[in-house]
Structures are given as C-alpha cells and as structure tokens.
Amino acid sequence: MTKIISRKKSRKFLFQKLFSETYNKNDKDLFNDAFLIDSYKWNLDLQYLEEMEKLIKEKQAELIEILKIYTPKFSPDKMDLTYVLPIFIACTEMLWFSGEIPGKVSLNEAIEISKVFGTDTSKRIVNWVLNKVYKNFDEVKTKLENIEEKNDYNFFA
C-alpha cells in the first residue's frame, strides 16, 4: 500500500504536538508512537513538521507580537490555545516557511484547524487575525523586523 503525504493532516498533527508541548516537554518518539503514525494510510510531511516546529519556537516573540497587534484587548498568555496555535502555524507558513504555500491556503487551513479543535469563537478570532495579517502582509513584516522588545512569555514547556 502506497502512503500519501498529507500536508493537511501534518498541520493537524503539528497543532496537537504543539498543544501538548504547552503542558510538558515531549519525547519526540514517544509522542509519535502515541499517534500510531505507522498505522495510517498517509504519511506525515516530516520535513514540513520539523521546519515548522523549529520556526514556531524560534519566532515565538514575533508571533506573540502579531497577537498583540491584532488582539490588543487580550493578553497572549491568557488566550485560548485553540486561537493561538492556528494563528502561529499560519503566520509561520506565510512569513518564514521555506516552502511555497499560498497565504490563503495557510489562512483557510488554520481556520479549519480551529473548527476541528476549537469553538465557533476560535474560528472567528483566527479568521479575523489571519485576514488582517494577509491583507497587511508587508506592513506586518516591517513591524516584525523593527520590534525591539522580546517577549519573555514562552508557550512551550
């Protein structure tokens, strides 16, 4: 049986992995085994997962800055992870991921993740923030290049 690489399923797996890492540091192999990866008819895009996880953790200060810009009434460290993580994933794809992923695809996939793992509110907030980032892409990039203060908050254990 030929396994198909699924970027969509890889994004959902990335969400779950990042979600779990907000509570405790995971052993990579143990986490993967827990999801019975070898029993699926699809393969995860391992290159995508590795690069995205690394970028999200490296660019966390910039991602938090995006939350501060577009959700000024909320404190990022108090926001529901079903809002935060899809925004982190989509923004990382749009701003720093080396692969060619159209911004609208990243946006739509993040909304889909928020529907699966979150609430109607999650979907609306993710949609609103990502549409702002997408429409103001050049402005967002410039703001992120000029941030001076790095956020001390760390979402991941």
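Before reading on, note that the structure itself is shown above.
No experiment lies behind these values; they were computed from the predicted model shown.

Definitions and limits used
- Residues numbered from 1 in each chain as written.
- Predicted model: local features only at pLDDT ≥ 70, side-chain atom pairs only at ≥ 80, totals over all residues.
- Heavy atoms only, no water.
- Helix = DSSP H or I, 4+ residues; strand = E, 2+ residues; numbered from the N terminus.
- Buried < 20%, exposed > 50% of the residue type's maximum accessible area, 1.4 Å probe, protein only.
- Core = buried A, V, L, I, M, F, W, Y, C linked by side-chain atoms within 4.5 Å.
- Salt bridge = Lys/Arg side-chain N within 4 Å of Asp/Glu carboxyl O.
- Contact = heavy atoms within 4.5 Å.
- Expected span 1.5 Å × (residues − 1).
- Axes fitted to C-alpha atoms, helices over the stretch in contact; angles between N-to-C directions.
- Parallel < 35°, antiparallel > 145°, perpendicular 65-115°, else oblique.
- Left-handed = near helix turned anticlockwise from the far one by under 90°.
- Nonpolar A, V, L, I, M, F, W, Y, C, P; charged D, E, K, R; others polar.
- Phe/Tyr/Trp six-rings, centres within 6.5 Å; stacked < 30°, edge-to-face > 60°.

Caption draft 1: Seen up close, the overall build of the protein chain. When you go through the protein chain residue by residue, the secondary structure sums to eight helices and two strands. Scanning the protein chain from its N terminus toward the C terminus, one meets helices and strands in the order β-α-α-β-α-α-α-α-α-α. Buried residues in the protein chain amount to 45% of all 157 residues.

Caption draft 2: Up close: the nonpolar core. One finds Ile 56, Ile 66, Phe 88, Ile 89 and Leu 130 to be the most contacted residues of the largest nonpolar core, which totals 41 residues. Top element by residues in this core is helix 5 (residues 81-95). It accounts for 11 residues.

Caption draft 3: Layout of the pattern of salt bridges. Scanning the model with the defined rule gives 10 salt bridges in all. In this structure, Asp 45 engages Arg 7 in a salt bridge whose closest nitrogen and oxygen atoms are separated by 2.9 Å. Of this pair, Asp 45 sits in the loop between strand 2 (42-43) and helix 3 (46-58) while Arg 7 sits in helix 1 (residues 7-21), placing them 38 residues apart in sequence.

Caption draft 4: Quick look at the side chain of Thr 92. Mapped onto the elements, Thr 92 comes out in helix 5. Owing to a relative accessible area of 0%, Thr 92 belongs among the buried residues under this scheme. Sequence-distant contacts of Thr 92, that is, excluding residues within four places in its chain, are made with Met 52, Leu 55, Ile 56, Leu 63 and Phe 97.

Caption draft 5: Representation of helix 1 in the model. Compared with an ideal rise of 1.5 Å per residue, which puts 15 residues at 21 Å, helix 1 spans 21 Å between its outermost C-alpha atoms and is within 8% of the ideal. Taken together, the buried positions of helix 1 are Ser 10, Arg 11, Phe 13, Leu 14, Phe 15, Lys 17, Leu 18, Ser 20 and Glu 21.

Caption draft 6: Just the side chain of Ser 10, in detail. Mapped onto the elements of the fold, Ser 10 is located in helix 1. If near-sequence neighbours (up to four positions away) are discounted, Ser 10 is found in contact with Asn 43, Leu 44, Asp 45, Tyr 48 and Leu 49.

Caption draft 7: Representation of the packing of helix 4 (residues 60-70) against helix 8 (residues 137-145) within the structure. For the pair helix 4 and helix 8, interaxial distance at closest approach is 10 Å and the crossing angle is 120 degrees. It follows that helix 4 is oblique to helix 8 by the angle criterion. Helix 8 is crossed by helix 4, and the crossing has right-handed handedness. For the pair formed by helix 4 and helix 8, the contact residues are Glu 62, Glu 65, Ile 66, Ile 69 and Tyr 70 on the first element and Val 140, Lys 143 and Leu 144 on the second. Per-class residue counts for the contact of helix 4 with helix 8 are five nonpolar, no polar and three charged.

Caption draft 8: Quick look at the packing of aromatic side chains. Counting across every chain of the model gives three aromatic pairs. An angle of 75 degrees between the planes, with centres 5.4 Å apart, marks the rings of Tyr 48 and Phe 97 as edge-to-face. Residue Tyr 48 is located in helix 3, and its partner Phe 97 is located in the loop between helix 5 and helix 6 (103-117); the two are separated by 49 residues in the primary sequence. Of the residues examined, Tyr 48 reaches a relative accessible area of 1% and is grouped as buried. Here the aromatic cluster, defined as three or more aromatic residues joined through ring pairs, consists of Phe 15, Phe 19 and Phe 117.

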